[in-house]
Amino acid sequence: MNKYNSLYRIFSSTKTAIILFIILLVFYLIGSILPYKGDYNNITATGTLLIIIKGLDLLNVYSGPWFLILSAVFFANLIICTYHRLVHILKESQPVRLSTAFFSNQSNIVKITLNGNFTEISEKTESFFRRRFYRRKPSAVVGDNIHGNVFVNGLFNPSWISIFYHFSIVLTLIGCTITFLFAFEGEVTIFSDKPSEVSLVSKNTNWYKCVNSVRSWFGKTEPAQKEWIVPDDKKLIFSLKDFEIKYTQRPKLKDYPRSGFIPRMNQIWNIQKLSTNENHEEKVFSAWLFKLIGNIAKTLSGTQETHKLSVFSPEYTFFPIKYISHLTLQEHERPTRKIDIEVNSPLRHRGITLYQSAYDYKFDIFINGKKVDINEDGKFKVDGIDGTFEKGDVIKGTFYKKNGTTPEIKPFVRLYYTPTVSDNKLPSKKEDLGRFEDGQGKDTKGVKVTLKNITAGTVLSYRHDPGLKLLWAAAPMFFFGMLYRAWGRWYTVYYLIEKADQNVNLYLRMQKKGIWADENRIVRTLTKKLTF
């Protein structure tokens, strides 16, 4: 029995919660520094550090056994802490028996001796707290010629607020658990010539993996070749009607020195380079420093004009400022609807959120009238030519110029050529072949290059997260409860008025909670009220 009592004391302790929370913060820090679900071959750590990272599987820290076990222990600790606080609150709701013996056994008792009528002092004391909106708690007075009460301030018991934000943390952990088990995400590229499908369910969830693991324990495994079938009512079919891209001229800084901060300061303050034969060690204030101070003073007084950075935009530099996907959404036994998705304006529908992530292009390239296939990395080779061709920027959309005009850009692709170098130690220089517009042929490197059918497509990322609503509700609950509990002023006042031979004795015991609470101020104000 003592073992269970010790375990209960450990798990109901706030110190245990703080220790577990600090350890969880370490895991969160690791997950923020290391690339989550990354490749071990892409990290630069070596030696013992690499062994620790691989041994603890820290690239999958949030789905690893250490983090999950610790989160489960932290969840159990919060449940037991909440239960422990609830029991304490229920005990506090029972009537308090006030007597001289009760106050003699308590610490931090303030005794005030007053001259006056016993009944009048009793009424003034009770009126003092009632006028300040203190609530009276159930209490019973034991003894003759005594009067007492228990008052608490505020509309809510601070212990209930502690329960409130404990409950919000529990909701947060439940929401995180739901997210861990059932959330999934992906990416879809949509072109105008072919609709694309987004499913509201997925087999790439931890719940699906856990179920299959449990089934495998009993020898029930699904065939590897079994196809994942999505019901028709769980499909969203998107068709791209138009993809709108807006460009502006790319701003640049004129005469900006690439060599760093010091050359720029020398240019701004008109400071010449010091002579190389000058002895710096013998001079505390060198000529360079005197000139700097002088030029700063002239600038502040307005007698010297400083150099300023000027921003300019080359005529044909394209900087994307906005892209919007105009789509149609088709669902099972529902009418087709038109939707627009753009950056910072996602589509939330039936528990899934779709974001405008990026855009993509596809086109056909012909060399001397023969179609050439381009690799996934954008490179391709031409028969009879040593070296590699590579596609660069693909531009199509509306061009917003500085003069206010908005012409449509004739679609084009910029191509590059990298010659083959016989000596591998020498770097190969990439050559810019220029712009190749849609439908127009151009001679380069002894061949005729023609680009056709330049088409823009949209790239949407999507995420299904059923635990997000709980997190949205729990987060403000937690911060409001914690701040209200920590920064509030909470008092519980126990007082007993005893009629003595010639005087009246007031015994006062105050419990405070909250950073702004000051029981001495209450005692001083009450003493002043009863004395005068």
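The structure presented is a predicted model; accordingly, all values stated were derived computationally and were not measured. (Residues numbered from 1 in each chain as written. Predicted model: local features only at pLDDT ≥ 70, side-chain atom pairs only at ≥ 80, totals over all residues. Heavy atoms only, no water.)

1. Thoughts on the packing of helix α6 (residues 118-130) against helix α12 (residues 519-531)
Next up, step 1: Two elements in contact, α6 and α12, have axes separated by 10 Å at closest approach and are oriented at 140 degrees. Here α6 is positioned oblique relative to α12, judged by the angle of their axes. For the pair α6 and α12, the sense of crossing is right-handed. Each of I121, K124, T125, F128 and F129 in α6 lies in contact with α12, whose residues at this interface are I522, T525, L526, K529 and L530. (Axes fitted to C-alpha atoms, helices over the stretch in contact; angles between N-to-C directions. Helix = DSSP H or I, 4+ residues; strand = E, 2+ residues; numbered from the N terminus. Parallel < 35°, antiparallel > 145°, perpendicular 65-115°, else oblique. Left-handed = near helix turned anticlockwise from the far one by under 90°. Contact = heavy atoms within 4.5 Å.)

2. A short note on the packing of aromatic side chains
Next up, step 1: Within this structure, the stated rule accounts for 26 aromatic pairs.
Next up, step 2: For the pair F182 and W207, a centre-to-centre distance of 5.5 Å together with 35 degrees between the ring planes defines the contact as tilted. Of this pair, F182 sits in helix α7 (residues 158-182) while W207 sits in helix α8 (residues 206-217), and the two are 25 residues apart along the sequence.
Next up, step 3: A relative accessible area of 33% places F182 in the partly exposed class.
Next up, step 4: Ring centres of F478 and F479 lie 5.3 Å apart, and the angle between their planes is 70 degrees; on these two criteria the pair is classed as edge-to-face. (Phe/Tyr/Trp six-rings, centres within 6.5 Å; stacked < 30°, edge-to-face > 60°. Buried < 20%, exposed > 50% of the residue type's maximum accessible area, 1.4 Å probe, protein only.)

3. Some thoughts on α6
Next up, step 1: In this model α6 runs 19 Å from its N-terminal to its C-terminal C-alpha over 13 residues, within 8% of the 18 Å that 1.5 Å per residue would give.
Next up, step 2: For α6, the full list of buried residues reads F118, I121, S122, T125, E126, F128 and F129. Axial view of α6: buried residues confined to an arc of 150 degrees, hence all on one face.
Next up, step 3: In this fold, the buried residues of α6 make contact with β2 (109-114), β3 (134-137), β5 (146-153), β22 (490-499), β23 (504-513) and α12.
Next up, step 4: In this structure N117 caps α6, since a side-chain oxygen of it lies 2.9 Å from the backbone nitrogen of T119. (Expected span 1.5 Å × (residues − 1). Arc of directions from axis to C-beta. Polar contact = N/O pair within 3.5 Å; in protein donor to acceptor, adjacent residues only side chain to side chain.)

4. Examining the pairing of strand β12 (residues 337-342)
Next up, step 1: Summarising the sheet, strand β11 (residues 318-330) and β12 pair through six bridges and their orientation is antiparallel. Among the inter-strand pairings, T328 is bridged to a residue of β12, identified as K338.
Next up, step 2: The hairpin formed by β11 and β12 contains six residues between the paired strands, and E333 there has a positive phi angle of roughly 55 degrees. (Pairing = 2+ DSSP bridges.)

5. A short note on a nonpolar patch on the surface
Next up, step 1: A contiguous nonpolar patch, built from F479, M482, L483, W487, I515 and W516 and spanning about 660 Å² of accessible area, is present on the exposed surface.
Next up, step 2: With respect to the secondary-structure elements, W516 resides in the loop between β23 and α12.
Next up, step 3: By relative accessible area, W516 is classed as exposed at 54%. (Patch = residues over 30% accessible without salt bridge, like charges linked within 9 Å, V, L, I, M, F, W, Y side chains within 5 Å. Areas by Shrake-Rupley, 256 points an atom, 1.4 Å probe, with all protein chains shown as cover. Salt bridge = Lys/Arg side-chain N within 4 Å of Asp/Glu carboxyl O.)

6. Focus on the pattern of salt bridges
Next up, step 1: Taken as a whole and judged by the stated rule, the model has 17 salt bridges.
Next up, step 2: What you see here is one network of salt bridges that share partners, running through E126, R130 and R136.

7. A look at the environment of L471
Next up, step 1: Its place among the elements puts L471 in helix α11 (residues 468-487).
Next up, step 2: For L471 and G175, which are 296 residues apart along the polypeptide, the C-alpha to C-alpha distance reads 5.7 Å.
Next up, step 3: Sequence-distant contacts of L471, defined by excluding residues within four places in its chain, comprise T172, G175, C176, T179 and P476.

8. Digging into the nonpolar core
Next up, step 1: Core analysis: the biggest nonpolar cluster contains 46 residues, and F238, L354 and I365 have the highest contact counts within it.
Next up, step 2: Examining the composition of this core, we find that seven residues originate from one element, strand β21 (residues 447-464), more than from any other.
Next up, step 3: What I365 contacts, discounting residues up to four positions off in sequence, is K370, K371, V372, I374, F380, L415, V449, T450 and L451.
Next up, step 4: Counting 21 residues, the second-largest nonpolar core is a separate cluster that includes F118, Y491, I522 and L530. (Core = buried A, V, L, I, M, F, W, Y, C linked by side-chain atoms within 4.5 Å.)

9. Observations concerning the packing of helix α2 (residues 14-33) against helix α4 (residues 65-92)
Next up, step 1: Closest axis-to-axis distance for the α2/α4 pair is 10 Å, and the angle between their directions is 150 degrees. The pairing of α2 with α4 is recorded here as roughly antiparallel in orientation. Considering the relative orientation of α2 and α4, their crossing is left-handed. Here T14, T16, A17, L20, F21, I23, L24, F27 and Y28 of α2 lie close against α4, whose contacting residues are W66, F67, L70, S71, V73, F74, N77 and R85.
Next up, step 2: In terms of residue class, the contact of α2 with α4 is made up of 12 nonpolar, four polar and one charged. (Nonpolar A, V, L, I, M, F, W, Y, C, P; charged D, E, K, R; others polar.)

10. Some remarks on unusual backbone geometry
Next up, step 1: Of note, N145 is a non-glycine position whose phi angle comes to about 55 degrees, a positive value.
Next up, step 2: When you line up the elements, N145 lands in the loop between β4 (139-141) and β5.
Next up, step 3: In this model, E333 sits at a positive phi of 55 degrees, which is unusual for a non-glycine residue.
Next up, step 4: By relative accessible area, E333 is classed as exposed at 74%.

11. Focus on the sheet that holds β5
Hydrogen bonds between backbone groups are what pair the strands of a sheet, and the pairing can be parallel or antiparallel.
Next up, step 1: Strands sit in the order β2-β23-β22-β5-β3 across an open sheet of five strands; the sheet is antiparallel. Both outer strands of the open sheet, β2 and β3, are each paired with one neighbouring strand and no more. Direction aside, neighbouring strands of the sheet carry axes that sit 25 degrees apart on average.
Next up, step 2: Relative to β5, β3 runs antiparallel, the two sharing four bridges. Directly across from R135, in β5, lies its bridge partner V152.
Next up, step 3: Where α6 meets the sheet, it contacts β2, β3, β5, β22 and β23, and its direction lies at approximately 175 degrees from that of β22.

Nothing here speaks to function; it is all geometry.
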